[in-house]
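Notes for the structure review
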Amino acid sequence: MKKFRFTLDRIKQYRIQIEEMEKNDLSALRAELAELEQQAEEIKRSILAKSDELRRLYRKGAYPNEISVANRYLTFKKQSLEMKMGEIEEKNKQIEKKLQDVIEATQEVKKMEKLEEHQLEEYKQAELKENENFIEEFFGAKPKVEA
């Protein structure tokens, strides 16, 4: 009997490639999210630092233009933080969608693996049956010895 070969192997390999691409895309999105979160933390730190500076300016009796500049800077940074949080939210949505794509791709690969297992089992059954037939023919073909 010829060697077992899964008839849908090319499709299985294609689905494995798709799964790997989806996983790589998901990994890239997560890296982008981490970068966005780091940028948001930097903006928060700059807001805190400028807020502390503004409080010191108030205490020491600063000029109105210094206070105005600090307030405008804080307003700008708060708007930047809001935009960054929006980007983070959007990236989380993209990650969730990509995660669903990865799950679907993984399920497709699992289906192909189950089909391969089923086909291999059928192959083994056929091979066993062929061996049984060969043994029957081999022993059945010998002439009977009479004593």
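To keep things clear, this report deals only with the structure shown in the data block. (Residues numbered from 1 in each chain as written. Predicted model: local features only at pLDDT ≥ 70, side-chain atom pairs only at ≥ 80, totals over all residues. Heavy atoms only, no water.)

1. With respect to the nonpolar core
The biggest cluster of nonpolar side chains holds 17 residues, and the ones touching the most others in it are Ile47, Leu54, Leu57, Leu81, Ile88 and Ile95. Elements with a contribution of two residues or more to this core: helix H1 (9–60) and helix H2 (64–140). Ranked by residues supplied to this core, first place goes to H1 with nine residues. Ignoring any residue separated from it by four or fewer positions in sequence, one finds Ile95 in contact with Leu26, Leu29, Arg30 and Leu33. (Core = buried A, V, L, I, M, F, W, Y, C linked by side-chain atoms within 4.5 Å. Buried < 20%, exposed > 50% of the residue type's maximum accessible area, 1.4 Å probe, protein only. Helix = DSSP H or I, 4+ residues; strand = E, 2+ residues; numbered from the N terminus. Contact = heavy atoms within 4.5 Å.)

2. Overview of the pattern of salt bridges
Evaluated as defined, the whole model comprises 15 salt bridges. Across the pair Glu41 and Lys44 runs a salt bridge, and its minimum N-O distance is 3.5 Å. Of this pair, Glu41 and Lys44 both sit in helix H1, three residues apart, roughly one helical turn. One salt bridge connects Glu89 with Lys93, and the closest N-O pair in it is separated by 3.8 Å. With Glu89 and Lys93 both in helix H2 and four residues apart, this pair spans about one turn of that helix. On the basis of relative accessibility, which here comes to 49%, the residue Glu89 falls in the partly exposed class. (Salt bridge = Lys/Arg side-chain N within 4 Å of Asp/Glu carboxyl O.)

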